[in-house]
Amino acid sequence: MGTPDEQRSVHLGTVNNSAIGIGSGNTVTNTNTTTNHAAPPRDPAHEELLLAVRQLRADLDRLVTTDTTTVLDAELVSTEEEIEEEGRATPGRLARLRAALTAAGPSVEVLASGAAAVAAVGSLLGG
């Protein structure tokens with residue numbers, strides 16, 4: 001059976017990123033600042049937009065930089081970040097992206113990735 005101390009002992013295996021308190025009257029504080037967040041789930045339409053955004057950003061490097069393509073690239077970056085962090089782009093973000101795509105006009109429309117981005121935004125905004 002063992003001694004009283006052996007009967008009260010606790011054996012733990014590996015514990016990662018946790019705080020453990022055993023017994024009464026304990027206060028446990030976990031000061032680990034690293035967290036592992038899983039990426040939020042994305043619906044297929046936002047996943048499609050994310051792929052189109054990434055492809056268009058890569059294709060923009062092949063075009064001559066203009067004021068409108070610079071603005072478009074900034075909107076693409078913001079859209080990509082928002083989808084990565086939140087799992088979706090807000091309607092306001094989509095409207096700004098649509099406006100930037102429209103302003104960039106013909107230089108983007110000739111790219112397959114540009115057409116895909118326009119279609120993906122249109123699908124999410126309903127038109």
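Computed from a predicted model, the values in this text were never measured in an experiment.

So, how was this worked out
- Residues numbered from 1 in each chain as written.
- Predicted model: local features only at pLDDT ≥ 70, side-chain atom pairs only at ≥ 80, totals over all residues.
- Heavy atoms only, no water.
- Axes fitted to C-alpha atoms, helices over the stretch in contact; angles between N-to-C directions.
- Helix = DSSP H or I, 4+ residues; strand = E, 2+ residues; numbered from the N terminus.
- Left-handed = near helix turned anticlockwise from the far one by under 90°.
- Contact = heavy atoms within 4.5 Å.
- Nonpolar A, V, L, I, M, F, W, Y, C, P; charged D, E, K, R; others polar.
- Expected span 1.5 Å × (residues − 1).
- Buried < 20%, exposed > 50% of the residue type's maximum accessible area, 1.4 Å probe, protein only.
- Polar contact = N/O pair within 3.5 Å; in protein donor to acceptor, adjacent residues only side chain to side chain.
- Core = buried A, V, L, I, M, F, W, Y, C linked by side-chain atoms within 4.5 Å.

Colleague: Account for the packing of helix α2 (residues 44-60) against helix α3 (residues 67-86), naming residues and giving values.
Modeller: Where α2 contacts α3, the axes come no closer than 10 Å and their chain directions differ by 145 degrees. Crossing of α2 against α3: the hand is left-handed. Mapping the contact onto sequence places His46, Leu49, Leu50, Val53, Arg54, Leu56, Arg57 and Leu60 in α2 and Thr69, Leu72, Asp73, Leu76, Val77, Thr79, Glu80, Ile83 and Glu84 in α3. Its residues assigned to classes, the contact of α2 with α3 shows nine nonpolar, three polar and five charged.

Colleague: Can you explain α2? Please cite residues and give values.
Modeller: Counted at 1.5 Å a residue, the expected span for α2 with its 17 residues is 24 Å, and the 24 Å between its end C-alpha atoms agrees. Three or more residues of α2 are buried, namely His46, Leu49, Leu50, Ala52, Val53, Leu56, Asp59 and Leu60. On its buried side, α2 packs onto α3, α4 (91-104), α5 (106-109) and α6 (112-125). The opening residue of α2, the one whose side-chain oxygen lies 2.8 Å from the backbone nitrogen of alanine 45, is aspartate 43.

Colleague: Break down the side chain of arginine 93 for me, citing the residues and quoting the values.
Modeller: Of note, arginine 93 is situated in helix α4. According to the relative accessible area criterion, arginine 93 is buried, its value standing at 14%.

Colleague: Got a sec to walk through the nonpolar core? Specific residues and values, please.
Modeller: Nonpolar side chains in soluble globular proteins tend to be buried together. Ranked by size, the top nonpolar core spans 20 residues in total, and within it Leu49, Leu56, Leu72, Leu76, Leu97, Leu101 and Val108 carry the most contacts. If you list the elements that add at least two residues to this core, you get α2, α3, α4 and α6. For this core, the leading source of residues is α2, giving six residues. Ignoring anything within four residues of it in the chain, the contact list for valine 108 reads Leu56, Leu60, Leu72, Leu101, Gly114 and Ala115.

Colleague: Can you lay out the environment of glutamine 55 for me, pointing to particular residues and giving the numbers?
Modeller: You can see glutamine 55 is positioned in helix α2. When its relative accessible area of 46% is taken as the criterion, glutamine 55 is described as partly exposed. Sequence-wise, glutamine 55 and leucine 111 are 56 residues apart; in three dimensions their C-alpha atoms are separated by 9.8 Å.

So, to be careful, I would describe these as geometric facts and stop short of saying anything about function.
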